[in-house]
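Chain residues, written in single-letter form:
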Amino acid sequence: MTGRAEDRGTAARASRPDHEVLVIGAGFAGIGAAIGLRRAGIDDFLVLDEQDGAGGTWHANRYPGIAVDITGFSYSYTFEPLPSPSRLFPPGAELKAYADHCVDTYGIRPRIRLNAKVVRAGYDAARHQWQVVLADGTALTARFVICATGWLTRPKSPALDGLEDFRGEVVHTAAWDPSLKLAGRRVAVIGTGASAVQVVPAIAPEVARLDVYQRTPIWIFPKPDLALPETARRLFAAAPWTQRAVKALTDAVTEGSFVIAMVHHRRFPFLVRAGEAVSRLYLRREVRGDRDLIDRLTPAYALGCKRPSFARGYWRSFTRDNVGLVTDPIERVTPTAVRTADGTERETDVVVLATGFHVLENLPSFPMTGPDGRDLREFWRTERFQAYEGSSVKGFPNLWFIVGPYSFTGGSWFGAIDYQVTHALRVIREARRRDATQAVIRPEPHDRSFRATLRRQRGTIFASPRCRGSNSYYFDGTHGDAPAVRPATTYEAAWRARHFDLDDYRYDSPPPPGSGGSSGAIR
């Protein structure tokens, strides 16, 4: 008996990973996961991020006019309100400062390794651990992995003929050059998504000429971007519960006005129509009397099929003498201009690519192979994007996604972070309680969860024929699903995270010494 115990102890020491948990990504999702681990008493973790600072999107994106497009009250952790927001919709610099505040307040900065780009990961079935390889060749092992890489990490550049020969300057909003000077210059903004609606009004007053190239218009709502009075900020600092109360209210408004309208479209179709009416009214108020411009700025698809936005001054910018909306397709970029299909060439000095990000194509953002050697990206692309409760995938043990297929309800990212972290921590704690080194979702509950998701999706706006032509990143172009949005309210998703059956997972003890077994580890 003694010898067997010694063998087991030796095997346990030999298979002990570098860290119990690796969190990949130091944006708000990764920060939230790290704080959750610390609050759960799980201290052996490391957060990896490819950038040189924490904050994810808010560290990388610094274009003119950048700001959150829901209220700062909702765009924050429930347990740590955004300190002293200056405005109802805080600017990007305040969100970056908030990320650093949370990192330092909860003491996780020593657990973050920056400039650590993950290039691949593989699961070792013989040791019940993940091996993660960094761009510098370093290999790290972990019992559990929480993937918090997010969606907005890989900028999308359009395939425009001649762009590489353009003699002026080209900049993507996600890689903004702070030294770039636009005053008095001719600028072409390509794209009319969430970043464009912030960039355009920010730069329109200073440029000599601004041409905005639109493929698909966007639904926009008025943005009451009010400065918060000092008295309110002092009240929030003195009595944090008051700020949490405001957050609860703004969360409820978001859920009631958008999420329910989108998720329960078949039951409440009038909510989408009402939202469209509000947006059209706002457009007519901003662009008075110009029927042609109003028509070109009005989406032909239903509200909710594509990410809408709150904006201030975007539509009104097109009434300026120095701003033009171009809806003809771009034929090519010449060395000095942008030429559209009608033959018109518009001279420009700077091309701003406000063309967004690869989203579903970026899941995951690096190759991940399971114990049978199967690549996760291949699995999702051939068998459809799917995940149990938007979090874990059958055949991929000890792995959870904060932002994965059917994880985000369409409300606040922080609501999704909360319930996804809750899900992962419940399973990790249960594995610890059972002295198990492997937790893998069972195929039956995984498939049952996916079938339920697809059934519910039939009642959403995404199943409507009115989504045709939306060019939305919500959709999987191969299978026609909309895996970027979970067909549930945030409240329901949070309840599910706290009450799903822990026995939906299988928990395995360490393999005996010398048992061999297949291995998906990277060699």
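These lines cover the structure that appears in this document, whether it is placed above or below. Owing to the predicted nature of the structure, the values given are computational and were not obtained by experimental measurement.

1. Quick word on the pattern of salt bridges
Side-chain pairs of opposite charge can arise whenever the charged atoms involved come near each other.
Moving on, step 1. All chains considered together, the criterion is met by 33 salt bridges.
Moving on, step 2. A salt bridge links D43 to R38, with the shortest nitrogen-to-oxygen separation between them at 3.8 Å.
Moving on, step 3. Residue classification places R38 among the partly exposed positions, given a relative accessible area of 26%.
Moving on, step 4. Three or more residues are tied together by salt bridges with common partners; here these are K96, D100, D104 and R109.

2. Some points on helix α14 (residues 490–499)
Moving on, step 1. By the burial criterion, the buried members of α14 are T490, A493, A494 and A497. Summarising the axial view, the buried residues of α14 lie within an arc of 100 degrees, below the 170-degree limit, and thus occupy one face.
Moving on, step 2. Among the structural elements, α7 (240–263) and α12 (413–433) are those in contact with the buried residues of α14.

3. A few points about the pairing of strand β19 (residues 438–441)
Moving on, step 1. Here β19 shows two buried faces, one formed by Q438 and V440 and the other by A439 and I441.
Moving on, step 2. One ladder, built from 4 bridges, connects β19 with strand β20 (residues 505–508); its direction is antiparallel. Residue Q438 lies in a different strand from β20, and its bridge partner there is D508.

4. Examining a positive patch on the surface
Moving on, step 1. A contiguous patch of positive charge on the surface is contributed by R266, R451, R455 and R458.
Moving on, step 2. Under the relative-accessibility criterion, R455 is labelled partly exposed at 47%.

Rules of the game
Residues numbered from 1 in each chain as written. Predicted model: local features only at pLDDT ≥ 70, side-chain atom pairs only at ≥ 80, totals over all residues. Heavy atoms only, no water. Salt bridge = Lys/Arg side-chain N within 4 Å of Asp/Glu carboxyl O. Buried < 20%, exposed > 50% of the residue type's maximum accessible area, 1.4 Å probe, protein only. Helix = DSSP H or I, 4+ residues; strand = E, 2+ residues; numbered from the N terminus. Arc of directions from axis to C-beta. Contact = heavy atoms within 4.5 Å. Pairing = 2+ DSSP bridges. Patch = residues over 30% accessible without salt bridge, like charges linked within 9 Å, V, L, I, M, F, W, Y side chains within 5 Å. Areas by Shrake-Rupley, 256 points an atom, 1.4 Å probe, with all protein chains shown as cover. Lys, Arg positive; Asp, Glu negative; His and termini not counted. Charge placed at Lys NZ, Arg CZ, Asp CG, Glu CD.

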